[in-house]
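Report on the structure
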Amino acid sequence: MTARTTAGPVPVRIVSAADEAALAAVHAIRHEVFVVEQDVPADLEWDGKDGRAVHALADGAGTGRLLLGEDAAKKNGGDPDTAVLGRLAVLRPARGNGTGARLVRALEDEARRLGLAGVYLEAQVHAIPFYERLGYTAYGPEFMDAGIEHRAMRRAFTNSAPPGD
């Protein structure tokens, strides 16, 4: 997969799991945010899907991933045409500068490029306003995942919406 960048102070690249150096950076960021800061058990964080996922990486700042196809359908209620955005993590020094939004937009652009209909995610409750600002709609009840309250959210793409809208 060819790396692409999104405008902003910290360039965001779409990377494949075959890029071992990039995947090591992805794992280091997620370890710091989820395992160290949020006390998510490591066995829950490393779910075995990274090798089949699409990853966005803002070097030294943050990461996120998209699950596709069957992996996505198992998480989003059965729709293989809707990607699942997850594992969005921004290191503490990079928070509040737009890195998280650039990561989400880069992953959405990749989902559009792949011809998908939209994106589903499970937001930590405190992050719902962040995702709402990016066009996501929350639905359904709150639920616990890794000891943290979450809520399902989704964003459907329209044919008229340009990438990165």
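Going by the structure above, here's the rest.
So, a few notes on the structure that sits alongside this text. Small disclaimer: the values here were computed from a predicted structure and weren't measured. (Residues numbered from 1 in each chain as written. Predicted model: local features only at pLDDT ≥ 70, side-chain atom pairs only at ≥ 80, totals over all residues. Heavy atoms only, no water.)

1. Some thoughts on the overall build of the chain
Worth spelling out the cut-off: Numbering of helices and strands runs from the N terminus; a helix is a DSSP stretch of H or I covering at least four residues, while a strand is a stretch of E covering at least two. This radius of gyration counts C-alpha atoms alone. The globule rule is 2.2 Å times how many residues there are, raised to the power 0.38. With a 1.4 Å probe rolled over the protein chains alone, any residue whose accessible area is under 20% of its type maximum counts as buried; one over 50% counts as exposed, and the rest are partly exposed.
Of the regular secondary structure elements, the chain holds five helices and seven strands. In terms of overall size, the chain behaves like a compact globule, its C-alpha atoms giving a radius of gyration of 15 Å where 165 residues would be expected to give roughly 15 Å. C-alpha extents for the chain along the principal axes are approximately 35 × 35 × 30 Å. When each of the 165 residues of the chain is scored for burial, the buried share is 46%.

2. Overview of the pattern of salt bridges
To be explicit about the condition: Criterion for a salt bridge: a side-chain nitrogen of Lys or Arg within 4 Å of a carboxyl oxygen of Asp or Glu.
Considering all chains together, one arrives at 16 salt bridges under this definition. Linking Arg92 and Glu37 is a salt bridge whose minimum nitrogen-to-oxygen distance equals 3.4 Å. Here Glu37 lies in helix H1 (residues 20-37) and Arg92 lies in the loop between strand E4 (82-90) and helix H4 (99-113), a separation of 55 residues in the sequence. In this structure, Asp71 engages Arg52 in a salt bridge whose closest nitrogen and oxygen atoms are separated by 2.7 Å. A residue pair is termed long-range when its members are at least 10 positions apart, and Asp71 in helix H3 (residues 69-76) and Arg52 in the loop between helix H2 (42-45) and strand E2 (54-58) qualify at 19 residues. What makes Asp71 buried here is its relative accessible area of 10%. Via salt bridges that share partners, Arg30, Glu45, Asp47, Asp50, Arg65 and Arg87 belong to a single interconnected network.

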